[in-house]
Amino acid sequence: MKENTDLSEITFTENGEIDIIQLNALYRIIGWDLHNRRTETETEEMIKVSHYYISACTKNKQLVGFARVCGDPYISQVLDVITHPHYRRRGIATRCMSGVLAYLQNSNYVSVTLTDGSGLKDFYQRFGFQIIDDETPTRVWRRGMETSAN
């Protein structure tokens, strides 16, 4: 299936205002919070400790994509690369990861990791994330390892 990459109806915002209620709803929709345990306060704190985040919203202001980077000044982790199921295969996660990659390229991080539970074998490799070993879904990013994200 070819990806529809027309993103003219989607607005991407970096480190901007985010609707916490919609973000929590998106976690539930994708199955990451089936028991409604996320609170608005916890999610607000999560955003505050994120060094970078990017959101994708429709013209009607519906949150349909999100990704973030969290860590300390030396080591970080890419977290929560998510897309609403009805908006998948349109390039939203790719555009979010492009924003993450640009942020990482301008950082001084010594180590960047992510845990890949997507089931999409090559998705994160396009952004320079390499599998550490076959036993774990953890991937590591090293400056200069990026390939074409398009």
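Residues numbered from 1 in each chain as written. Predicted model: local features only at pLDDT ≥ 70, side-chain atom pairs only at ≥ 80, totals over all residues. Heavy atoms only, no water.

Colleague: How would you explain the state of the cysteines if you had to name every residue and give the values?
Modeller: By the definition in use, this model includes 0 disulfides. Cysteine Cys57 remains unbridged, with the sulfur of Cys96 as its closest cysteine sulfur at 9.7 Å. Since its relative accessible area comes to 1%, Cys96 is described here as buried. (Disulfide = S-S within 2.5 Å. Buried < 20%, exposed > 50% of the residue type's maximum accessible area, 1.4 Å probe, protein only.)

Colleague: Could you give an account of the pairing of strand β7 (residues 138-141), naming the residues involved and the relevant values?
Modeller: With 4 bridges joining them, strand β5 (residues 111-115) and β7 adopt antiparallel strand pairing. Bridge pairing in β7 links Thr113 to Val140. Here 3 bridges tie strand β6 (residues 129-131) to β7, and the two strands are oriented antiparallel to one another. Its bridge partner being in β7, Ile131 is matched across the sheet by Arg139. (Pairing = 2+ DSSP bridges. Helix = DSSP H or I, 4+ residues; strand = E, 2+ residues; numbered from the N terminus.)

Colleague: Please give an account of the sheet that holds β6 that cites residues and values.
Modeller: Strand order in the open sheet formed by 7 strands is β1-β2-β3-β4-β5-β7-β6, and the pairing between neighbours is mixed. Every interior strand has two partners, whereas the edge strands, β1 (10-14) and β6, have only one. Across this sheet, the average inter-strand angle for adjacent strands is 20°, counted without regard to direction. Against the sheet, helix α2 (residues 40-48) touches β2 (50-58), β3 (63-71) and β4 (75-83), its axis set at about 115° to β2. Helix α3 (residues 92-105) contacts β1, β2, β3, β4, β5, β6 and β7 of the sheet and is inclined by roughly 25° relative to β3. (Axes fitted to C-alpha atoms, helices over the stretch in contact; angles between N-to-C directions. Contact = heavy atoms within 4.5 Å.)

Colleague: Got a sec to walk through the packing of aromatic side chains? Specific residues and values, please.
Modeller: The full count for this structure, using the stated rule, is 7 aromatic pairs. Geometrically, the ring pair formed by Phe123 and Tyr124 is edge-to-face, given 4.9 Å between the ring centres and 80° between the ring planes. There is no split in this pair, since Phe123 and Tyr124 are both buried. An aromatic cluster is built from Phe123, Tyr124, Phe127 and Phe129, whose rings are joined through pairwise contacts. Lying across the ring of Tyr27, Arg38 places its NZ or CZ 3.6 Å from the centre. (Phe/Tyr/Trp six-rings, centres within 6.5 Å; stacked < 30°, edge-to-face > 60°. Lys NZ or Arg CZ within 6 Å of the ring centre and 35° of its normal.)

Colleague: Which residues make up α3, and what are the values?
Modeller: Side chains three or four residues apart in an α-helix point the same way, a direct result of the helix having 3.6 residues per turn. Here α3 spans 20 Å end to end across 14 residues, near enough to the 20 Å set by a 1.5 Å rise per residue. Along α3, the residues that are buried comprise Ile92, Thr94, Cys96, Met97, Gly99, Val100, Leu101 and Leu104. (Expected span 1.5 Å × (residues − 1).)

Colleague: I'd like to hear about a negative patch on the surface, residue by residue, with values.
Modeller: Together, Glu17, Asp19, Glu40 and Glu44 make up a region of like negative charge exposed at the surface. Relative to the helices and strands, Glu17 is located in the loop between β1 and α1 (20-29). (Patch = residues over 30% accessible without salt bridge, like charges linked within 9 Å, V, L, I, M, F, W, Y side chains within 5 Å. Areas by Shrake-Rupley, 256 points an atom, 1.4 Å probe, with all protein chains shown as cover. Salt bridge = Lys/Arg side-chain N within 4 Å of Asp/Glu carboxyl O. Lys, Arg positive; Asp, Glu negative; His and termini not counted. Charge placed at Lys NZ, Arg CZ, Asp CG, Glu CD.)

Colleague: Break down the packing of α1 against α2 for me, with residues and values.
Modeller: Pairs of packed helices are described in terms of their axes, by the angle between the two and the distance that separates them. With their axes 10 Å apart at the nearest point, α1 and α2 run at an angle of 100° to one another. Judged by the angle between their axes, α1 and α2 are roughly perpendicular. Here Ile20, Ile21, Leu23, Asn24 and Tyr27 of α1 come into contact with α2, specifically with Glu40, Thr43, Glu44, Met46 and Ile47. (Parallel < 35°, antiparallel > 145°, perpendicular 65-115°, else oblique.)

Colleague: Describe the environment of Asp80, naming the residues involved and giving the relevant values.
Modeller: Positionally, Asp80 belongs in strand β4. In this structure Asp80 comes out as buried when scored by relative accessible area, which is 14%. Distance in space between the C-alpha atoms of Asp80 and Arg68 is 6.2 Å, their sequence separation being 12 residues. In this structure, Asp80 is in contact with Tyr27, Trp32, Met46, Phe66, Ala67 and Arg68, ignoring residues within four places of it in sequence. Side chain to side chain, Asp80 and Tyr27 meet in a polar contact 2.6 Å long. Of the polar contacts made by the side chain of Asp80, one reaches the side chain of Arg68; its length is 2.8 Å. (Polar contact = N/O pair within 3.5 Å; in protein donor to acceptor, adjacent residues only side chain to side chain.)

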